[in-house]
Amino acid sequence: MTLLDSSIDVKALGKVAVLMGGESAEREVSLMSGSGVLQALRASGVDAHAFDPATNALSDLKRDGYARCFIALHGRHGEDGTVQGALELLGIPYTGPGVMASAIAMDKVMTKRVWLAEGLPTPRYVWLAPDCQQPEVVRAVPGELGLPLIVKPPREGSSIGVTKVREPAEMQGAVEMSARYDPDVLCEEFIDGEEVTCPVLGHGAQARALPVIRIVAPDGAYDYQNKYFTDDVKYQCPSGLPEAEEREIQRIVLEAYRTLGCRGWGRADLMIRASDRKPFLLEMNTSPGMTGHSLVPMSARASGISYEELCLRILAAAALDTPARPRAA
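Description of the structure in this document. (Residues numbered from 1 in each chain as written. Predicted model: local features only at pLDDT ≥ 70, side-chain atom pairs only at ≥ 80, totals over all residues. Heavy atoms only, no water.)

Some points on the pattern of salt bridges
The final tally for this structure, using the stated rule, is 21 salt bridges. A salt bridge links Arg63 to Asp60, with the nearest nitrogen and oxygen atoms 3.4 Å apart. Here Asp60 and Arg63 lie together in helix 2 (residues 59-63), a separation of 3 residues that amounts to about one turn. Residue classification places Arg63 among the exposed positions, given a relative accessible area of 61%. A residue is classified by how much of its surface remains accessible, and Asp60, at 16% relative accessible area, is buried. Between Arg277 and Glu245 there is a salt bridge; the shortest N-O distance is 2.7 Å. Residue Arg277 is located in the loop between strand 12 (265-273) and strand 13 (279-285), and its partner Glu245 is located in helix 9 (residues 243-259); the two are separated by 32 residues in the primary sequence. Residues participating in the shared-partner salt-bridge network are Arg76, Asp107, Arg155, Glu156, Asp182 and Asp184. (Salt bridge = Lys/Arg side-chain N within 4 Å of Asp/Glu carboxyl O. Helix = DSSP H or I, 4+ residues; strand = E, 2+ residues; numbered from the N terminus. Buried < 20%, exposed > 50% of the residue type's maximum accessible area, 1.4 Å probe, protein only.)

Looking at unusual backbone geometry
With an omega dihedral of -5°, the bond running from Leu147 to Pro148 counts as a cis peptide bond. Position of Pro148 among the secondary structure elements: in the loop between helix 6 (135-145) and strand 5 (149-152). A cis amide bond links Cys237 to the next residue, Pro238, at an omega of 10°. Residue position: Pro238 is located in the loop between strand 11 (234-236) and helix 9. Look at Arg277: it is not a glycine, yet its phi comes out positive at around 65°. Among the residues examined, Arg277 registers a relative accessible area of 31% and is labelled partly exposed.

Some points on the environment of Asp192
Looking at the secondary structure, you find Asp192 in the loop between strand 7 (185-189) and strand 8 (193-201). Setting aside its immediate chain neighbours within four residues, Asp192 contacts Ile272, Arg273 and Ala274. (Contact = heavy atoms within 4.5 Å.)

A short note on the pairing of strand 8
Taken across its 9 residues, strand 8 has 7 buried, putting it largely inside the fold. Direction of pairing for strand 8 relative to strand 12: antiparallel, over a ladder of 9 bridges. Each residue of the ladder has a partner; that of Thr197, found in strand 12, is Asp269. Where strand 8 and strand 10 (residues 213-216) come together, 3 bridges link them in antiparallel fashion. Bridge pairing in strand 10 places Thr197 opposite Ile213. Relative to strand 9 (residues 208-209), strand 8 runs antiparallel, the two sharing 2 bridges. (Pairing = 2+ DSSP bridges.)

Overview of the nonpolar core
Of all hydrophobic cores here, the largest spans 28 residues; its most connected members are Val18, Val37, Leu41, Val46, Phe70, Leu310 and Cys311. Among the elements that take part in this core, helix 11 (residues 307-316) stands out by supplying 7 residues, more than any other. Beyond its immediate stretch of four places on either side in the chain, Phe70 contacts Val16, Ala17, Val18, Leu19, Val37, Leu41, Thr95, Trp265, Cys311, Ile314 and Leu315. Of all hydrophobic cores here, the second largest spans 24 residues; its members include Ala207, Tyr257, Ala268 and Met284. (Core = buried A, V, L, I, M, F, W, Y, C linked by side-chain atoms within 4.5 Å.)

What about the side chain of Glu156?
Checked against the element boundaries, Glu156 lands in the loop between strand 5 and strand 6 (163-165). Taking relative accessible area as the criterion, Glu156 reaches 7% and is therefore assigned buried. In terms of polar contacts, Glu156 uses its side chain to reach the side chain of Arg76, at 3.3 Å. The contacts of Glu156, once residues within four sequence positions are left out, are Ala25, Glu26, Arg76, Met106, Lys108 and Tyr181. (Polar contact = N/O pair within 3.5 Å; in protein donor to acceptor, adjacent residues only side chain to side chain.)

So, the packing of helix 6 against helix 7 (residues 171-179)
Packing of helix 6 against helix 7 brings their axes to within 9 Å, and their N-to-C directions diverge by 110°. The angle between the axes of helix 6 and helix 7 places the two elements in the roughly perpendicular class. Note on element contacts: helix 7 touches helix 6 through Met171, Gln172 and Val175, opposite Pro135, Val138, Val141 and Pro142. A breakdown of the residues in the contact of helix 6 with helix 7 according to their chemical character gives 6 nonpolar, 1 polar and no charged. (Axes fitted to C-alpha atoms, helices over the stretch in contact; angles between N-to-C directions. Parallel < 35°, antiparallel > 145°, perpendicular 65-115°, else oblique. Nonpolar A, V, L, I, M, F, W, Y, C, P; charged D, E, K, R; others polar.)

What about helix 3 (residues 82-90)?
Within the span of helix 3, buried status applies to Val83, Gln84, Gly85, Leu87, Glu88 and Leu90. Taken together, the buried residues of helix 3 touch strand 1 (15-19), helix 2, strand 3 (68-71) and helix 4 (99-106). One or two positions beyond helix 3, positive phi appears at Gly91, with a value near 75°.

What to know about the packing of aromatic side chains
Evaluation of the coordinates by the stated rule reveals 2 aromatic pairs. For the pair Phe51 and Tyr66, a centre-to-centre distance of 6.3 Å together with 80° between the ring planes defines the contact as edge-to-face. Taken together, the positions of Phe51 in strand 2 (residues 47-51) and Tyr66 in the loop between helix 2 and strand 3 put the pair 15 residues apart, joining distant regions of the chain. Exposure remark for Phe51: the relative accessible area of 5% places this residue in the buried category. The class for Tyr66 is buried, based on a relative accessible area of 12%. Look at Phe70 and Trp265: their rings are 6.1 Å apart centre to centre, the planes differ by 65°, and that puts the pair in the edge-to-face class. Of this pair, Phe70 sits in strand 3 while Trp265 sits in strand 12, placing them 195 residues apart in sequence. This pair shows no difference in class: Phe70 is buried, exactly as Trp265 is. Above the plane of the ring of Tyr66 lies Lys15, whose end atom (NZ or CZ) is 4.5 Å from the centre. The ring of Trp127 is capped by Arg113, whose NZ or CZ atom sits 5.1 Å from the centre of that ring. (Phe/Tyr/Trp six-rings, centres within 6.5 Å; stacked < 30°, edge-to-face > 60°. Lys NZ or Arg CZ within 6 Å of the ring centre and 35° of its normal.)

What follows is the structure, encoded as structure tokens:
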């Protein structure tokens, strides 16, 4: 069965755990995502149950007879390969990319290294390890990347800990803010232009990019508050981009997805530079949001896939990196 099959035997999916909550800085968003997924799966007839790893041991999944997991966790211990590794050991198929792809994609510095090695466009950056954050080192970053620039924790999501630095005097405070969430700090060239996002469904040669969404945030502030708790951000899907430009973004996103070894689903965020319309990859989300404000469901709707059908298809594609082998008698 592929992710895009239209006929799914709901009963064959078995007992399903929707993993939500967790202990990351994105717990609140994860609970919203998981609640939406849980409701959608139940509406489709799936025997689905909420499961919060912050209050339940993952080993309970095996004890309680769960056949597969829908990962609606965000951030650390949710999309960084750790819960994926635990599910591999338990032999319970799960949604989204496997251990290696999840671990790499969660770390924006490692993601950039992989993409750059494959010739994919991503903004220039400076990585500040914990022992490289002295004031004299921090002060030198604008000279390398220019201003404004972006400072962010490389292993967080939802714009948590992100600062747009406009003046050299703001650098130290931005680095200290980022370091509250991650000992490493990523300083990134600011790309002046339009922000877009593009989801992907499927695996390998069968993967396909969904319609591109253009994001228009008030004063360019597409931050945590605007992402999840206001209606001030405008999302354009269809994007309104020239057809050739949209196709090129989808091509780059598919290549970025496959290069990281992703499967199941994901969503790439990009900037289109205003001066020459060149797209730059920012990150790959391997457990995207599924809230009322989330973008994968919006893009899926534009291609004729309802929220309920999207959840069901993602669940049906749950897999293991190494399928369990029958034990010898």
